[in-house]
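# Architecture and fold: a report
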Amino acid sequence: MAACKETRGLAVLGSTGSIGTQALEVVDAHPDRLRVVALTAQRNVDLLESQARRYRPPLVCMADAAAAGELSRRLEGTGIEVAAGPDGLLEAAAYPLADTVLNAIVGSAGLPPTLAALGAGKRLALANKESMVAGGELVLSALRTGGELIPVDSEHGAIFHCLRGEDVNDVEAVILTASGGPFYGRSREELAEVTVEDALAHPTWSMGRKISVDSATLMNKGLEVIEAHFLFAVPYERIKVLAHPQSVVHSLVEFKDGSLAAQLSVPDMRLPIALALSYPERWGPPFLRTDLAKLGGLSFAAVDVETFGCLELAYRAGKEGGTATAVLNAANEVAVEAFLQRRIAFLEIEGIIRKALDAYRPSPVRCLDDVLAAEEWARAKAARLVDSGRVC
Ligand code: NDP
């Protein structure tokens, strides 16, 4: 007799985004294993309404209060509760019917829900890397008291799976692969001229706007270095980055004996999302199969840290420690938004973050307020730099 499949309650925070919508495709592929119990978004009322009508979760939340009012009016009579604002996000993150919480919110607004999910003892499938960058120490201390964290980022998902059954003391280094983004191989002179459209045209991944720009500056890789430091307890000196334009090798672990373990697949975020939701099981069939013969060659190269200065800034903030990574992340969020609004040039993103870090003296992270205060300082500093129009 076939074993009875267990159905897991799933809360998707950021369900209207790139990761959120792909997570719902994973749900569609496994309706007997995953049941949506909560959905959240910021302002996209149309899409959240249609998701709510389709998946019928008992709880939905809009982070924006006006959008929540509109959604509540539209869902009247359905029996679906509509929560609002930051408290509503916390309610969804700690929702009793959820076994697993996928945090696919963009930006450090995802940190309080990350802490709430772990505080409620949930399995947290974490796509929101800014949580780890802004408040890695808080996330680790929440994990010590309960909950479980499975990374969704494809690089960290790859490392997580390469480490299954291994002794962490045998790890020599972790190697994060980087596609290099749309500007791989360009000079700084060429980067001075690039547009928002150029930056959003990622060669291998289709993603939200903020992470697409982060990929173009290589800050995405920098955020991932910090995320890897906290997730796998590896010192920064032993976290390496390797350019790999095909995005097929998602990352590697180097062991003491010189062996390299890697995880490979054609780029498709539904795989690491499904891995995080199914762990420790693996669910088939796959969305896409990887035919290595058809892919042809895979290439690797050193990353050009001279041209893409954001990666080095992330290592610097990580090594400074304490609140420095929250400042790095918040200054980046402000600068990326200003670039997307065409208020600053591409290279000014790096200039703003550098100036914010230069002007900041980090302090230890003891509680969420320490992170929020550092972020407030960094956002104000970065906003002033944007307004001044004199960054580089
Ligand atoms: P998107 O911009 O596509 O989606 C973001 C989601 O978060 C949307 O549902 C959005 O709602 C919601 N949201 C935005 N701001 C807030 C806020 N202040 N409070 C609450 N909810 C908010 O982002 P992605 O899906 O691309 O990325 C999500 C996270 O996953 C990021 O941390 C990113 O770095 C990470 N990630 C993404 C990958 C990808 O392939 N996209 C790969 C690996 C990691 P609304 O639609 O209403 O604005």
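Now for a description of the structure that goes with this document. Everything numeric here is computed off the predicted structure, so don't read it as measured data. (Residues numbered from 1 in each chain as written. Predicted model: local features only at pLDDT ≥ 70, side-chain atom pairs only at ≥ 80, totals over all residues. Heavy atoms only, no water.)

## Brief notes about the overall build of the protein chain
When you go through the protein chain residue by residue, the secondary structure sums to 17 helices and 12 strands. For 392 residues, the compact-globule estimate of 2.2 N^0.38 gives 21 Å, and the protein chain sits close to it at 20 Å. Burial statistics for the protein chain: of 392 residues in total, 56% are counted as buried. Taking as baseline every contact in the protein chain between residues at least 6 positions apart, the subset at least 24 positions apart corresponds to 68%. Accessible surface computed for the protein chain: about 16,500 Å², of which carbon and sulfur atoms make up 51%. Between the averaged position of the 39 positive side-chain charges in the protein chain and that of its 50 negative side-chain charges there is a distance of 2 Å. (Helix = DSSP H or I, 4+ residues; strand = E, 2+ residues; numbered from the N terminus. Rg over C-alpha atoms; globule rule 2.2 N^0.38 Å. Buried < 20%, exposed > 50% of the residue type's maximum accessible area, 1.4 Å probe, protein only. Contact = heavy atoms within 4.5 Å. Areas by Shrake-Rupley, 256 points an atom, 1.4 Å probe, with all protein chains shown as cover. Lys, Arg positive; Asp, Glu negative; His and termini not counted. Charge placed at Lys NZ, Arg CZ, Asp CG, Glu CD.)

## Some thoughts on the pairing of strand β8 (residues 171-178)
Counting buried positions along β8 gives 7 out of 8 residues, so the element sits mostly inside the fold. For β8 and strand β10 (residues 249-255), the ladder comprises 5 bridges, and the chain directions are antiparallel. Residue pairing across strands places I175 opposite L252, the latter belonging to β10. (Pairing = 2+ DSSP bridges.)

## As for the site of the ligand
Near the ligand lie 25 residues; those nearest to it are T16, S18, R43, N44 and E130. Within the side chain of E130, one N or O atom sits 2.6 Å away from an oxygen atom of the ligand. Coverage of the ligand by the protein amounts to 86% of the 900 Å² it exposes when considered alone. Contributing elements (two or more residues each) for the shell around the ligand: α1 (18-29) and α6 (129-145). Here the residues of the shell around the ligand sort into 12 nonpolar, 9 polar and 4 charged. (Near = heavy atom within 4 Å. Polar contact = N/O pair within 3.5 Å; in protein donor to acceptor, adjacent residues only side chain to side chain. Nonpolar A, V, L, I, M, F, W, Y, C, P; charged D, E, K, R; others polar.)

## Quick word on the side chain of D268
Structurally, D268 is set in the loop between β11 (260-264) and α12 (270-278). Within the local environment of D268, its side chain forms a polar contact with the side chain of R270, the two groups lying 2.9 Å apart. Apart from the residues within four sequence positions on either side, D268 is in contact with Q22, W205, F287 and L288.

## Observations concerning the packing of aromatic side chains
We describe a pair of aromatic rings using the distance from one ring centre to the other and the angle between the two ring planes. Taken as a whole and judged by the stated rule, the model has 4 aromatic pairs. Taking the centre distance of 5.1 Å and the plane angle of 70 degrees together, the rings of F160 and Y279 count as edge-to-face. Here F160, found in helix α7 (residues 154-162), pairs with Y279, found in the loop between α12 and α13 (292-295); they are 119 residues apart in sequence, far enough to count as distant. When the centroid spacing of 4.9 Å and the interplanar angle of 45 degrees are considered together, the rings of Y360 and W377 count as tilted. With Y360 in the loop between α16 (346-358) and α17 (368-388) and W377 in helix α17, this pair connects stretches of sequence that are 17 residues apart. Linked through ring pairs, F183, F339 and F346 together constitute an aromatic cluster. (Phe/Tyr/Trp six-rings, centres within 6.5 Å; stacked < 30°, edge-to-face > 60°.)

## With respect to the packing of helix α15 (residues 324-340) against α16
The geometry of α15 relative to α16 is characterised by a closest axis approach of 9 Å and an angle of 150 degrees between their N-to-C directions. With respect to each other, α15 and α16 are oriented roughly antiparallel. Seen from above, α15 lies across α16 with right-handed handedness. Listed contacts from α16 to A324, V327, L328, A331, N332, A335, V336 and F339 of α15 are F346, I349, I352, I353, A356 and L357. Taken together, the residues of the contact of α15 with α16 sort by class into 13 nonpolar, 1 polar and no charged. (Axes fitted to C-alpha atoms, helices over the stretch in contact; angles between N-to-C directions. Parallel < 35°, antiparallel > 145°, perpendicular 65-115°, else oblique. Left-handed = near helix turned anticlockwise from the far one by under 90°.)

## With respect to the pairing of strand β1 (residues 8-13)
With 6 of its 6 residues buried, β1 lies for the most part within the structure. Burial of β1 is two-sided: the residues R8, L10 and V12 facing one way and the residues G9, A11 and L13 facing the other way are all buried. One ladder, built from 6 bridges, connects β1 with strand β2 (residues 34-41); its direction is parallel. Each bridged residue has a counterpart across the sheet, and for V12 the counterpart in β2 is L39. Sheet topology note: the β1/strand β5 (residues 100-103) ladder contains 4 bridges and is parallel. Of the residues in β5, the one forming a bridge with A11 is V101.

## Here's the deal with the sheet that holds strand β3 (residues 59-62)
Reading across the sheet, the 7 strands line up as β4-β3-β2-β1-β5-β6-β7 and stay open at both edges, with parallel pairing between neighbours. The strands lining the two open edges of the sheet, one partner per strand, are β4 (81-84) and β7 (148-151). Strand-to-strand twist of the sheet, defined as the mean angle between neighbouring strand axes without regard to direction, takes the value 20 degrees. Against the sheet, α1 touches β1, β2 and β5, its axis set at about 165 degrees to β2. Those strands touched by helix α3 (residues 65-74) are β3 and β4, and its axis lies near 170 degrees from that of β4.

## A word on the sheet that holds β11
Within a sheet, adjacent strands bond to each other through the backbone by hydrogen bonds, running parallel or antiparallel. The 5 strands are arranged β11-β10-β8-β9-β12 in an open sheet whose pairing can be described as mixed. At either end of the open sheet lies a strand with only one pairing partner, and these are β11 and β12 (301-302). Of the strand pairs in this sheet, β8 and strand β9 (residues 239-243) are connected by 5 bridges, and their pairing is parallel. Paired with I175 across the two strands is K240, which belongs to β9.

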